[in-house]
Amino acid sequence: MRGKQIGWIVLIALGLAAPFVVYPVLVMKILCFALFACAFNLLLGYTGLLSFGHAAFLGWAGYICGYVVKEMGWSPELGIVAGTASAAVLGFVFGSLAIRRAGIYFAMVTLALAQLMYFFALQFPFTGGEDGLQGVPRGHLLGFIDLANTTNMYYFVLAIFLGGFWLIDRAIHSPFGQVLKAIRENEPRAISLGYDVDRYKLLAFVLSAALSGLAGATKTLVYQLASLTDVHWHMSGEIVLMTLLGGMGTVFGPVVGAGVVVGLQNYGAELGQWVTVLTGLIFVICVLSFRRGIVGELAALIKRSGIRM
Amino acid sequence: MDILGVPIQALMGQLLVGLINGSFYAILSLGLAIIFGLLNIINFAHGALYMMGAFLAWIGLTYLGINYWLALIAVPLVAGMFGMLIERTMLKRLYRLDHLYGLLLTFGLALIIEGLFRYRFGISGESYPVPELLSGGFNLGFMFLPKYRAWVVAASLVVCFGSWFIIERTKLGSYLRAGTENPQLLQAFGINVPLMITLTYGFGVALAAFAGVLAAPVFQVNPVMGSNLIIVVFAVVVIGGMGSIMGSIVTGLGLGLIEGLTRVFYPEASAVVIFIIMGVVLLLRPAGLFGRER
């Protein structure tokens, strides 16, 4: 377990030091996506379920959080709770429908349901349609910490990320996580061992959706904006890419993947339309010859070289 | 003349639009079903290939002077060869892996194709003129039927039922069905299964491109026309189930009509009605209307 402890220390040290080196808003974006990717990985990497509709949770949690904070004057922490809770409810509905089908159908069902939520976001008046919800105030955390201050906001986001990440790590290494892995490896056997597989899948789905919502609500406060971009199917594809590139089924992989992809989008902004092509190319390369992802390959390399962690 | 308070012209007009959309759903979901049957891959690039078909027709007309009728044959052939190239170089390497990798690979391909066209043509779109032979329309008394739209429906039906006939009623089709059931056994009987898989993927892609050429004069030819459509087609496939060829055709056409009716009676829901039906079908009949559990 030493490797993991080193990973944690590196992660926390990087998180604390990053805003002094890199533009803090960019790091906050990476942290939100890293949490989103980790939540997604819980489903894809550990349960073997490919959801192509996770943008719905990210985006709708953002809308709910933005709405209650901006229009109803709720405090930021309550806004985040509201966003996360709504994503959990949405996750329960999606999950209940989607787990009725397995494999490839599961992916198509989640994609279609997310598209439904995209159209709702486009048509409902309170989401602001094409304009989105703009100018969401960051407010005061617990009534006295001013989040309009970037440094305060940054450490708040870091705390949320580490909390979410810790929770996912705990879930993966708990007996619950072991059952999920058993379902991934051999579902019929898990059933024959007496596990109520559907309930475990649904629980994993709701947990993943709620944490994706946590990331989405936080992101709304960071950017003070909830928009259609976050509910679009491109976003669902992006989160698959981050997880795949970083290494699905690894604890730290999605964090690395999120960092690489968000960094690429940020510094590659002048590439314009080529970003889509590049994203597609990375997908193809990952699937054809890099299936373990960055962290997965590194772990395999270390294992082969015989270094004990 | 009104039906339930809706003028009959409006009703018939929307039903026609629904039938046209349904024709595209039918051709695309048919292609997806054929590919899935043999390759066990959901071809996420199907929408992008449909878009490519429309663009190839437009490019052919604009730069090479290839007319509509020639494009209707040439474009599917070119796209089919492109598809076979993809199958030989990439998809072939995924058959031993989890099915999800096929979905992810074709998703990447869809992004590449869409991105390239967007880079070259922007997102505003190009318009493709209706071929001269099919311009104008018939006055049916209760509505005006543009010739081209009637042609789209007729051509789609011919292609769909032609595919059904080949698959269900010919020797070649029996190989295809056998390959879907048990490829190892078919191989043992001396059929070249890898070649058959390549041809099948090529055929599926050619169908998508054919739909693209048909669609070019009806819709704006633009780089995102495929991605918006493919998600609806996925829902159609979930509703119908991919077990039966006829099921794909009937579901596609039926859902197009339902969408058209929704546009008349409750326009706000027309974009989402198919997704809602999908949810209901999942609750009542998880395997899909024509599907088998597997």
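Heads up: these notes are all about the structure in this document. Starting from 1, residues in each chain are numbered consecutively following that chain's sequence as written. Following the order in which they are written, the chains are lettered starting with A and the ligands numbered starting with 1. Two thresholds apply to this predicted model, a pLDDT of at least 70 for residue-level local features and 80 or more for giving and counting side-chain atom pairs, whereas whole-chain, interface and lining totals are computed over all residues.

Here we take up the overall build of chain A. Note on conventions: DSSP H or I runs of at least 4 residues are helices, E runs of at least 2 residues are strands, and numbering of each starts at the N terminus. Of the regular secondary structure elements, chain A holds 13 helices and four strands. All radius of gyration figures rest on C-alpha atoms, and the globule criterion is 2.2 Å times the number of residues raised to 0.38. Whereas a compact globule of 309 residues would reach a radius of gyration of roughly 19 Å, chain A reaches 19 Å, a difference of no more than 12%. Seen through its principal axes, chain A has C-alpha atoms that stretch 50 × 45 × 40 Å. Counting every position in chain A, which comprises 309 residues, the buried fraction comes to 51%. Buried means a residue has 20 or more other C-beta atoms within 10 Å of its own C-beta, exposed means 12 or fewer, and partly exposed covers the counts in between; C-beta atoms are placed from the backbone.

Residues and elements named next belong to chain A. A positive phi is found at Gln224, a non-glycine position, where the angle reads about 55°. Here Gln224 shows up in the loop between α9 (197-223) and β4 (225-226). Judged by the 16 C-beta atoms lying within 10 Å of it, Gln224 falls in the partly exposed class.

Moving on, we get to the environment of B:Thr170. Residues and elements named next belong to chain B. Mapped onto the elements of the fold, Thr170 is located in the loop between α5 (147-169) and α6 (171-181). Judged by the 11 C-beta atoms lying within 10 Å of it, Thr170 is exposed. Taking the C-alpha atoms as reference points, Thr170 and Gly279, 109 residues apart in sequence, are found 36 Å from one another.

Right, let's get into the interface of chain B and chain A. Our contact criterion uses C-beta atoms placed from the backbone: two residues qualify when those atoms are within 7 Å. Taken together, the 32 residues of chain B in the interface contact 32 residues of chain A. Mapped onto the side of chain B that touches chain A, the elements with two or more residues apiece are α4 (99-121), α9 (225-240) and α11 (273-284) of chain B. At 16 residues, the largest contribution of residues to the side of chain B that touches chain A is made by α4(B). Each residue is assigned to one class: nonpolar for Ala, Val, Leu, Ile, Met, Phe, Trp, Tyr, Cys and Pro, charged for Asp, Glu, Lys and Arg, and polar for all the others, Gly among them. Here the side of chain B that touches chain A is composed, by residue class, of 24 nonpolar, four polar and four charged.

So, about α11(B). When the terminal C-alpha atoms of α11(B) are compared, their 17 Å separation across twelve residues agrees well with the 16 Å that a helix rising 1.5 Å per residue should span. Buried residues of α11(B): B:Ile274, B:Phe275, B:Ile277, B:Met278, B:Gly279, B:Val281 and B:Leu282, and no others. Here the expected span of a helix is defined as 1.5 Å times the quantity of residues minus one.

As a packed pair, helix α12 (residues 274-289) of chain A and α4(B) sit with axes 7 Å apart at the nearest point and diverge in direction by 155°. Comparing the axis directions of α12(A) and α4(B) gives the class roughly antiparallel. In this structure, α12(A) crosses over α4(B), and the sense of that crossing is left-handed. Its residues placed into classes, the contact of α12(A) with α4(B) shows 15 nonpolar, five polar and two charged. Note on geometry: axes are C-alpha line fits, over the in-contact stretch for helices, and angles between N-to-C directions span 0 to 180 degrees. In what follows, roughly perpendicular refers to angles from 65 to 115 degrees, roughly parallel to angles under 35, roughly antiparallel to angles over 145, and oblique to any angle outside these ranges. Each crossing gets its handedness from the near helix: less than a right angle anticlockwise from the far helix is left-handed, clockwise is right-handed.

All right, on to helix α3 (residues 55-70) of chain A then. An ideal rise of 1.5 Å per residue puts 22 Å on 16 residues; α3(A) measures up with 22 Å between its terminal C-alpha atoms. Of all 16 residues in α3(A), 15 are buried; the element is thus mostly enclosed.

Residues and elements named next belong to chain B. Remark: helix α2 (residues 46-64) packs on α4, axes separated minimally by 9 Å, with the N-to-C direction vectors making an angle of 30°. Of the possible angle classes, the one that applies to α2 and α4 is roughly parallel. Taken as a pair, α2 and α4 cross one another with a handedness that is left-handed. Contacts between α2 and α4 pair Gly47, Ala48, Met51, Met52 and Phe55 from the former with Leu109, Ala110, Ile113, Glu114 and Phe117 from the latter.

What follows deals with the nonpolar core. Remark: nonpolar core denotes a set of buried Ala, Val, Leu, Ile, Met, Phe, Trp, Tyr and Cys residues whose joining runs through C-beta atoms within 7 Å. Core analysis: the largest hydrophobic core is formed by 200 residues, its most contacted members being A:Leu35, A:Met108, A:Ala112, B:Ala54, B:Ala209 and B:Ala235. For A:Ala112, the residues in contact, after removing those within four places along its chain, are B:Ile231, B:Phe234, B:Ala235, B:Val238, B:Phe275 and B:Met278.

Turning to the environment of B:Lys147, a few remarks are in order. Within the element layout of this structure, B:Lys147 appears in helix α5. Excluding residues within four positions of it along the chain, B:Lys147 makes contact with B:Leu134, B:Ser135, B:Gly136, B:Gly137 and B:Phe138.

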